[in-house]
Each structure stands twice: as structure tokens, then as C-alpha cells.
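Chains, contacts and geometry: an overview
Listed below, chain by chain, are the residues.
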Amino acid sequence: MKKYSFLFPKPRILFSLLLFVVCSAPPHAAGAQAVPYARSFSKSKQEVDKALNEFQAYAGQKLPIVDGFVATGDQPLDRYQRAFYQFSIDLLPGATSDATIVRVSAKITAWYNDREPSKSGYQVLPSNGRLELDLLDRLTEKFGGKPVAFILRSEVQAPKPKIDLSAGSFGVSLPSRNSASPSAEAPATPGGEEAAALLTKRKAEEKRMLQLNAELQILQDIQRNQAYPSNLVIVKKSGTPVLARPAEGSRLLFTSAADDEFEFLDAEGEWIHVQISGVSRAYIRRSNLELPESIAARLKSPNGTPSNVRQEAFRLAREEINTFPGNWESLRGKSVKIYTVQPVSQDSKETGAQAKLNFAASLFQKFSEDSGAADTSMDGVVIIFDSANGGIIACTASDVQRLTNGSLSRDNFWKQCYSDPADAFQQRPKS
């Protein structure tokens, strides 16, 4: 069986981390203190937050390796596996009314494989700043210029605690399994204020425990329902170089191990363009990879595309069943099919509103066919366009049925759909 190395932040990884938090503290928590980095940008808080969402900065991601991302520690870095990072981001008022300070720190965790199995476990590792500076640099590039200023750590007010895996909890101290009732633990003090404060804190902790259990249930549902991508390429041997550009002698990002898997993006001659993690991309020589039959067949055909297959502007990356992620009244809290798609072309003219709507229509048709064959009870469908100029479009299952049976025209169908942002789908196709 192939090992799934470091491509996707799969729900089972998130599930493992969250389960680890709820049930016990890590066996070898390194106690690393995340060092925040900050820059000031001449943009509003809303503009900065939108850009961060486009970068998927609020979502945790897997790391290919820890070497190059963490500060050197006492343990050999090649013994760390399944590395994962999560940004803690605060948007603070800048020196002027139109400026926003972005303060970011990265929490990195990884499984340490000790020679003695009893000493193996998840550890929290100190970031060396590469992840934080990369995010700030991408924000700078996004806003089309240099940052207004680089903010020193001491100049920014400390943010509220967020995810703190080194403490074995999400910013709170979870109650012990063997602890007594809140009233029994309240210390006897001359006044009742301290006891009341402890009781309030304990109730908050119990409420947080319930929230963590609910999140754990959601991750378990995702783990059961998420489909695994079929467009993965596999590294043939250990030590294969992963480069920044499709050319010999270009910057080496890292070397991969045998059976490591990456998502295929495109082919450029003898080079395969792959996704590392999040928005990170790289190139691997084609001769060092095993390609899926569908991709190999496509690359052998003229122009890299079979003559009997029309080249789409987008491709389906993955699909899953989950609760509707937004606040649209028609689907709020309901079970939906979620398709995540990515652009095939980097040309914005080929991936505009019309192309999105055309591809969305084909997925709505697929949803209708799949739902009819499986007799499912999903209430709707959501399509997420995973790109810088992407967006989300959703509709109810009943409207999809009306569209496919001809009782609802396509123009009226689009009017019934939910879209965010709306301008990403402004151009409407004709019936």
C-alpha cells in the first residue's frame, strides 16, 4: 500500500491532532514559543482578511518536511514525520486609519519517531520564521508594492491566545478526568469572589470541552465522506529533487522520499508541475515519477490532451459530503455535496465568470446523475473554485432537479443560486 506523504491536510490528520488535544497532552511537547512577525499594510482590515482567506491562511496545512521550516533542536530532524502547521493571525489597527498591521506566528507539530517506541509522539517545534515571512511576502505581492513598515515584536500588543498545541489544548486548560465537581474544588477563602471566579472558569472549560467534542464529530464525518484525489503522482526513489523552476540547476526546495505523493497540476516538457501544500508549487522531472494512467495517456496524446476530450478551464480536485459551510438560509445546517475545483489555465480570461458558470453547470448535472443513481438524501450542492479569483456557488437539490428536467431555465436557475462573492459570477450565460 502506498503511503500518503504530505500533500493534503486530510481530515484524518486534523482528526488525529484534535483527538490528541481532547484526550491527552502530547508525549513530547517541546514547549516551543511561537515568535510573531508583523507588517503594516495600507489596506483596510476587510481587504487584508479577504486576501488571507484567498491564501487559505486560516486553514492548517501539511509540511513536506520539517528541515528548513523549524529552528534547529536537540533531536535529528529526519526522525520527524507528518509535519503540520497552523497560523495564528491577528489584524490590528495601524498607525493611520487606512493601515492594518498583520501579526502572524506559526505553530508546527510533527510526529517524532524515536528509536524507543515508548518515547515516540507528537512534538511542537519552533518555527524559524520561513512560513511567517512567506505569508507576509505574499500579502505584499498581492497588494502590489512594498509594505509600509516592518513592525517589531515589541511594538504590537500581544494577541489573545489561539491554538496552543504545546499546552495540549486550544488555548484553555481542560479539566482532568478525575477532577471533582466545581463546587468541591473552590478554595476556602475569606471572600466568595475567588470561588465564584473559579466556578465560572470551570463552566467555561466544560463548555469548551463540548465544543471540542462537536468539532471531533465533524472531523469524523469528513473522514468518512471525503473522496481521495485520483490525480496523484508518486515519487519513484528517495532523494528525488523538488525544484522551484522547471530547469536543471534551479533552486532546490527539498528532496522527497520514495512513494511520496503530490497532486499533478500540469506538464512542461520533461517536468511535472505539482502542488506541495496550500498554494506552494514545485517541479519534479517526469522520469522520477509514476503517473496515473489517465494523466500518462493525456500526456502521450497530441498537445497533451486526447483528441476526443474537450479541454476544460477547470478540473475537479476532490468531492465530499458535509454540512453547508455558509449562512444561506436555504441550506444552513443541511447536508450538501461539496465539489472543490481548481483552474487548469493560469489565464484569467479562460477562467472568468462564464467559464465558472459553464463548469458549475456540468457539476450540477453530475450531482443530479449521481444523486439519482445512489438515491441519496443530500439537500444541496456547493462548488468551491479554489483560486485567487475564485468563489463559491451553491444551490438546493430541488433546483438542480428542476434545471435538469427542464422546468427551470438556466438564467432563472442562476438567480436562485447562492454565490460568494457575487461579482465572481456576474456574467450570465444565455438559456
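The text that follows walks through the structure, step by step, so that each part is easy to find. This is a predicted model, so every value here is computed, not measured. (Residues numbered from 1 in each chain as written. Predicted model: local features only at pLDDT ≥ 70, side-chain atom pairs only at ≥ 80, totals over all residues. Heavy atoms only, no water.)

1. Details of the overall build of the protein
Looking only at helices and strands, the protein features nine helices and 18 strands. For the protein, buried positions account for 42% of its 431 residues. When the accessible area of the protein is evaluated, it comes to approximately 22,900 Å², of which 49% is carbon and sulfur surface. (Helix = DSSP H or I, 4+ residues; strand = E, 2+ residues; numbered from the N terminus. Buried < 20%, exposed > 50% of the residue type's maximum accessible area, 1.4 Å probe, protein only. Areas by Shrake-Rupley, 256 points an atom, 1.4 Å probe, with all protein chains shown as cover.)

2. Side note on the side chain of arginine 39
Tracing the chain through its elements places arginine 39 in strand E1 (residues 37–41). According to the relative accessible area criterion, arginine 39 is buried, its value standing at 11%. Polar side-chain contacts of arginine 39 include one of 2.8 Å to the side chain of aspartate 137. (Polar contact = N/O pair within 3.5 Å; in protein donor to acceptor, adjacent residues only side chain to side chain.)

3. Overview of the pattern of salt bridges
The final tally for this structure, using the stated rule, is twelve salt bridges. Arginine 202 is the partner of glutamate 205 in a salt bridge, and the nearest nitrogen-oxygen pair spans 3.4 Å. Note that glutamate 205 and arginine 202 are positioned in helix H5 (residues 193–225) at a spacing of three residues, about one turn of the helix. Among the residues examined, glutamate 205 registers a relative accessible area of 9% and is labelled buried. The class for arginine 202 is buried, based on a relative accessible area of 12%. Arginine 285 serves as the salt-bridge partner of glutamate 248, at 2.7 Å between the closest nitrogen and oxygen. Residue glutamate 248 is located in the loop between strand E8 (240–243) and strand E9 (252–256), and its partner arginine 285 is located in strand E12 (residues 281–285); the two are separated by 37 residues in the primary sequence. (Salt bridge = Lys/Arg side-chain N within 4 Å of Asp/Glu carboxyl O.)

4. Looking at the packing of aromatic side chains
We describe a pair of aromatic rings using the distance from one ring centre to the other and the angle between the two ring planes. All told, the structure shown has 13 aromatic pairs when counted by the stated rule. Residues tyrosine 80 and tyrosine 112 carry aromatic rings whose centres are separated by 5.0 Å and whose planes lie at 55 degrees to one another, so their mutual orientation is tilted. With tyrosine 80 in strand E3 (residues 80–93) and tyrosine 112 in strand E4 (residues 100–112), this residue pair connects regions lying 32 residues apart in the sequence. The pair formed by tyrosine 80 and tyrosine 112 is uniform in burial state, with each residue classed as buried. Geometrically, the ring pair formed by phenylalanine 324 and tryptophan 328 is tilted, given 6.4 Å between the ring centres and 55 degrees between the ring planes. A relative accessible area of 17% places tryptophan 328 in the buried class. Each member of the aromatic cluster is reached from another via a ring pair, and the members are Phe314, Phe359, Phe385 and Phe425. (Phe/Tyr/Trp six-rings, centres within 6.5 Å; stacked < 30°, edge-to-face > 60°.)

5. A word on the packing of helix H2 (residues 45–54) against helix H3 (residues 130–142)
At their nearest, the axes of H2 and H3 sit 11 Å apart, and the two run at 115 degrees to each other. Between H2 and H3 lies a crossing whose hand is right-handed. Residues Ala51, Leu52 and Glu54 of H2 form the contact with H3, whose participating residues are Leu135, Leu139 and Lys142. Residues that form the contact of H2 with H3 fall into these classes: four nonpolar, no polar and two charged. (Axes fitted to C-alpha atoms, helices over the stretch in contact; angles between N-to-C directions. Left-handed = near helix turned anticlockwise from the far one by under 90°. Contact = heavy atoms within 4.5 Å. Nonpolar A, V, L, I, M, F, W, Y, C, P; charged D, E, K, R; others polar.)

6. Concerning the sheet that holds strand E15 (residues 335–343)
The strand order E14-E15-E16-E17-E18 describes an open sheet built from five strands, whose pairing is mixed. Looking at strand neighbours, the two that pair on one side only are strand E14 (314–323) and strand E18 (418–420), the edges of this open sheet. The average angle at which neighbouring strand axes cross in this sheet is 15 degrees, direction not considered. Where E15 and strand E16 (residues 380–385) come together, six bridges link them in parallel fashion. When the bridges of E16 are listed, valine 341 appears paired with phenylalanine 385. (Pairing = 2+ DSSP bridges.)

7. Side note on the pairing of E15
With seven of nine residues buried, E15 is to be regarded as a mostly interior element. The pairing of E14 with E15 spans nine bridges and is antiparallel. In the strand pairing of E15, arginine 318 is matched with threonine 340.

8. Quick notes on the nonpolar core
Phe87 and Ile89 are the most contacted members of the largest nonpolar core, which totals 28 residues. For this core, the elements supplying multiple residues, two or more each, are E1, H2, E3, E4 and H3. Beyond its immediate chain neighbours, meaning those up to four positions away, phenylalanine 87 contacts Ala57, Val104, Ser105, Ala106, Leu131, Glu132 and Leu135. (Core = buried A, V, L, I, M, F, W, Y, C linked by side-chain atoms within 4.5 Å.)

9. Digging into helix H6 (residues 293–300)
Here H6 has its buried residues at Ile295, Ala296 and Leu299. On an axial view of H6, the arc spanned by its buried residues comes to 100 degrees, and they lie on one face. Facing away from the buried side of H6 by more than 90 degrees, the exposed set consists of Glu293, Ser294 and Lys300. On its buried face, H6 sits against strand E10 (261–268) and strand E11 (271–275). (Arc of directions from axis to C-beta.)

10. Considering the environment of alanine 83
Here alanine 83 is to be found in strand E3. Separated by 27 residues in sequence, alanine 83 and alanine 110 have C-alpha atoms that sit 4.1 Å apart. In this structure alanine 83 touches Lys62, Leu63, Val66, Thr109 and Ala110, once residues within four positions along its chain are discounted.

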